Amino acid sequence: MFKESDKNPQMDMFSSPAGMLQGASLKNYLKNDSWHNMFREHVITRVNEDIFSVLYSSDNGCPNASIRVLVGMMILKEGQAGAMNSSSRNATITCQSAVPRGL
């Protein structure tokens, strides 16, 4: 069953990350120009969930997880995989260039 998620969900005071952080970590979490806040503002909130509604049955099943969150996690995962692939390529090139010199 498709259910559109709330664009501005309200967290309770016991599960809010701001309640668990202190000092510099809390300041970084609350800054509007932090990467996670910018990612939420520019990517997550702009995901159109309606295009995914055809993937869900209208008469049975439980409501879906937030499509916005799932798409955001996929974007972060693929970005991390790309970063890992490029760093592993650099490590391979470094090792290959070190072998002929006997290092």
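Residues numbered from 1 in each chain as written. Predicted model: local features only at pLDDT ≥ 70, side-chain atom pairs only at ≥ 80, totals over all residues. Heavy atoms only, no water.

> Report on the overall build of the protein, specifying residues and quantitative values.
Counting its secondary structure elements, the protein contains 4 helices and 0 strands. The N-to-C order of helical and strand elements in the protein reads α-α-α-α. Residues classed as buried in the protein amount to 13% of the 103 residues present. Entry remark: accessible area of the protein is about 8,300 Å², with carbon and sulfur atoms responsible for 60%. (Helix = DSSP H or I, 4+ residues; strand = E, 2+ residues; numbered from the N terminus. Buried < 20%, exposed > 50% of the residue type's maximum accessible area, 1.4 Å probe, protein only. Areas by Shrake-Rupley, 256 points an atom, 1.4 Å probe, with all protein chains shown as cover.)

> With reference to specific residues and values, describe the environment of Arg68.
Along the chain, Arg68 turns up in helix H4 (residues 67-98). Put simply, Arg68 and Ile44 are 24 residues apart on the chain and 5.5 Å apart in space, counted from C-alpha to C-alpha.

> An account of the confidence of the model for the protein is requested, with residue identities and associated values reported.
Mean pLDDT over the protein stands at 75; residues scoring 70 or higher make up 73%. Mean pLDDT values over the elements of the protein span from 71, in H4, up to 87, in helix H3 (residues 35-42). (pLDDT = per-residue confidence, 0-100.)

> I'd like a description of the side chain of Arg68, backed by residues and values.
Given a relative accessible area of 5%, Arg68 falls into the buried group. Polar side-chain contacts of Arg68 include one of 3.1 Å to the side chain of Glu49. (Polar contact = N/O pair within 3.5 Å; in protein donor to acceptor, adjacent residues only side chain to side chain.)

> Go over a nonpolar patch on the surface, please, and point to the residues and values.
A grouping of Val69, Leu70 and Met73 is seen on the molecular surface, where their side chains present a nonpolar patch of about 250 Å² in accessible area. One can find Val69 in helix H4. On the accessibility criterion, Val69 (44% relative accessible area) is partly exposed. (Patch = residues over 30% accessible without salt bridge, like charges linked within 9 Å, V, L, I, M, F, W, Y side chains within 5 Å. Salt bridge = Lys/Arg side-chain N within 4 Å of Asp/Glu carboxyl O.)

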